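Chains, contacts and geometry: an overview
Residues per chain, in single letters:
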Amino acid sequence: MSDTAPHSSDSPDSARASERRTVYPSGVCPPAEPLWPHFLTGQEDAPVRVLLVDDDEFMRRVIAQELLSDMRIQLEAQAGSVRDGRRLLATHEFDVLMVDLRLGDGSGFELIREARKLHRYCEIIVISAMEDDAHVMHAFELGATGYLLKHAWLQSFAQAVLQVVNGGAAITPKLARRLLTRMNQHTSEPPPVEAPQREVTLTTREREVLRCVARGCVSKEISMRLGISGQTVNAHIKNIYKKLQVHSRAQAVSFATNTGQL
């Protein structure tokens, strides 16, 4: 008879191991964890629709593969020129336009302007090798909410899409750091805020919605906080944009703060 005792399945180590993992029968898959909180934009049954315009075929393929691998995003169409990009803008419904600035037959700035005319409330992410301040600031002035540098580390194209549709901004970390440094180099005395050239009056409800936006809330969170539907929230935000004559949530919050609306 062997003096070696068999290992007990009731030992403390095996008990702890069974707590750490659940063994499923052959052919049975464990339940999938939710990818995304239910109140955020970008769900498997309602993915974020994206148009991609870049004349660099290799870069376009890299970005497309990353977007296609995320079930929260639906790549609607791709183009490699200003001409084809205009056709996509006119024939597709989309939530986010990702566009290079340097295209073979023109500038991506043209497509940003066109997108703002046809789809005022879409989000725009610039993807470019140009990182000089003039191009970056001009893109933001035209209404872009993201600027990603090609071949930069520490960034995700899919994550950038999800950030902008949920009220955030997407900027390559290296670029964001440089812009912050530039801001810190200005004089500590801020320039006086010019008085607005127009009378702007927001309703009480519009102010409540804008305060929620300023706290970083997305539309679904605002509807839950204020007890109104998501459609009503979006209608208020559109009215706010129209009254303040702005193109993004960040611009609306900035203008309303500077003019005493918040």
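Calculation notes
- Residues numbered from 1 in each chain as written.
- Predicted model: local features only at pLDDT ≥ 70, side-chain atom pairs only at ≥ 80, totals over all residues.
- Heavy atoms only, no water.
- 1 Å grid on protein atoms, 1.4 Å probe; cavity = no way out; pocket = protein on both sides within 12 Å on 5 of 7 lines; lining within 4 Å.
- Points joined across faces, edges and corners; volume = space filled by probe spheres on them.
- Helix = DSSP H or I, 4+ residues; strand = E, 2+ residues; numbered from the N terminus.
- Nonpolar A, V, L, I, M, F, W, Y, C, P; charged D, E, K, R; others polar.
- Buried < 20%, exposed > 50% of the residue type's maximum accessible area, 1.4 Å probe, protein only.
- Contact = heavy atoms within 4.5 Å.

**Description of empty space enclosed by the protein**
- One pass over the full model with this rule turns up one cavity of 30 Å³ or more.
- As for the largest cavity, its lining consists of V209, L210, V213, I237, I240, Y241, R249 and A252.
- For the lining of the largest cavity, the secondary-structure elements that each account for two or more residues are α8 (204–214), α10 (230–244) and α11 (249–258).
- Residues belonging to the lining of the largest cavity are distributed by class as follows: seven nonpolar, no polar and one charged.

**A word on the side chain of H236**
- As for its position among the elements, H236 is in helix α10.
- Exposure remark for H236: the relative accessible area of 16% places this residue in the buried category.
- Those residues within four positions of H236 in sequence are excluded, and the remaining contacts are R205, E206, V209 and I228.

**A word on the environment of L149**
- Topologically, L149 is positioned in strand β7 (residues 146–149).
- Note: C-alpha distance between L149 and T172 (23 residues apart in sequence) is 6.1 Å.
- Once residues within four sequence positions are removed from consideration, L149 is found in contact with S128, M130, E131, Q155, T172 and L175.

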